[in-house]
Amino acid sequence: MPGLIYPKSTIKRKKRKKHTKSILQEKEDKRCFLCMLEGDDRIQQVEEHHIYFGPNRAVSEANGFKCNLCLSHHQTGPDAVHKNREQDLRLKQICQKEYEKNHTREEFRELIGKSYL
């Protein structure tokens, strides 16, 4: 705009991140995903877990590769995905199978970099 000291066209804004809902469960579902697989349907305090974390965290957020986990399955218990590699791989395989219901394995590999199946 002419006449302004600081024209608005020079302001660069951060691009908003896309927060997609989980492909494994509804956001309103306050049950632990792994507890539900084990047959426990209790509503409990849960944390959102990005299944493919590290450099793939943004990919997980954009594609809905996340689920709700109780504290025991997320960080503190012996079967916590951040402590137990087998449990982490199990969750990654479940997520990949769900993604491949509507997409190809090659599309998954392009997103994550490898296949877990």
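Structure: see above.
In this report, the structure presented in the accompanying data block is examined. (Residues numbered from 1 in each chain as written. Predicted model: local features only at pLDDT ≥ 70, side-chain atom pairs only at ≥ 80, totals over all residues. Heavy atoms only, no water.)

## Some remarks on the pattern of salt bridges
Side chains that differ in charge, positive against negative, can pair when their charged atoms come close.
Here's step 1: Under the criterion given, the structure shown has ten salt bridges.
Here's step 2: A salt bridge links K66 to E61; its shortest N-O distance comes to 2.5 Å.
Here's step 3: Residue classification places K66 among the buried positions, given a relative accessible area of 5%.
Here's step 4: Between K101 and E98 there is a salt bridge, with the nearest N and O atoms lying 3.1 Å from each other.
Here's step 5: Accessibility expressed as a relative area gives 59% for K101, which makes it exposed.
Here's step 6: Given the relative accessible area of 27%, E98 is considered partly exposed. (Salt bridge = Lys/Arg side-chain N within 4 Å of Asp/Glu carboxyl O. Buried < 20%, exposed > 50% of the residue type's maximum accessible area, 1.4 Å probe, protein only.)

## Here we look at the pairing of strand β2 (residues 66–70)
Here's step 1: Of all the five residues making up β2, five are buried; the element is thus mostly covered by neighbouring parts of the structure.
Here's step 2: What you see with β2 is no split at all: K66, N68 and C70 on one side and C67 and L69 on the other are buried throughout.
Here's step 3: Examined bridge by bridge, strand β1 (residues 46–50) and β2 share five bridges and lie antiparallel to one another. Across the sheet, H50 pairs through a bridge with K66, a residue of β2. (Helix = DSSP H or I, 4+ residues; strand = E, 2+ residues; numbered from the N terminus. Pairing = 2+ DSSP bridges.)

## Let's talk about the side chain of Q96
Here's step 1: Turning to its location among the elements, Q96 is positioned in helix α4 (residues 85–99).
Here's step 2: The class of Q96 is buried, set by a relative accessible area of 0%.
Here's step 3: A polar contact is formed between the side chain of Q96 and the backbone nitrogen of Y116, at a distance of 2.6 Å.
Here's step 4: Among all residues touching Q96, those that are not within four sequence positions of it are Y52, R105, F108, S115, Y116 and L117. (Polar contact = N/O pair within 3.5 Å; in protein donor to acceptor, adjacent residues only side chain to side chain. Contact = heavy atoms within 4.5 Å.)

## A few points about the packing of aromatic side chains
Here's step 1: Counting across every chain of the model gives six aromatic pairs.
Here's step 2: Taking the centre distance of 6.1 Å and the plane angle of 50 degrees together, the rings of F65 and F108 count as tilted. Placement of F65 in the loop between α2 (57–63) and β2 and of F108 in helix α5 (residues 105–112) is noted, with a sequence separation of 43 residues between them. F108 shares its class with F65; the two are buried.
Here's step 3: An aromatic cluster is present here, built from Y52, F65, Y99, F108 and Y116 joined pairwise through their rings.
Here's step 4: Positioned above the aromatic ring of F53, the side-chain terminus of K92 is 4.9 Å from the ring centre. (Phe/Tyr/Trp six-rings, centres within 6.5 Å; stacked < 30°, edge-to-face > 60°. Lys NZ or Arg CZ within 6 Å of the ring centre and 35° of its normal.)

## Looking at the state of the cysteines
Here's step 1: For the coordinates displayed, the defined rule picks out zero disulfides.
Here's step 2: With no disulfide partner, C35 has as its closest neighbouring cysteine sulfur the one in C32, 3.7 Å distant.
Here's step 3: Left unpaired, C95 is separated from the closest cysteine sulfur, that of C67, by 8.0 Å. (Disulfide = S-S within 2.5 Å.)

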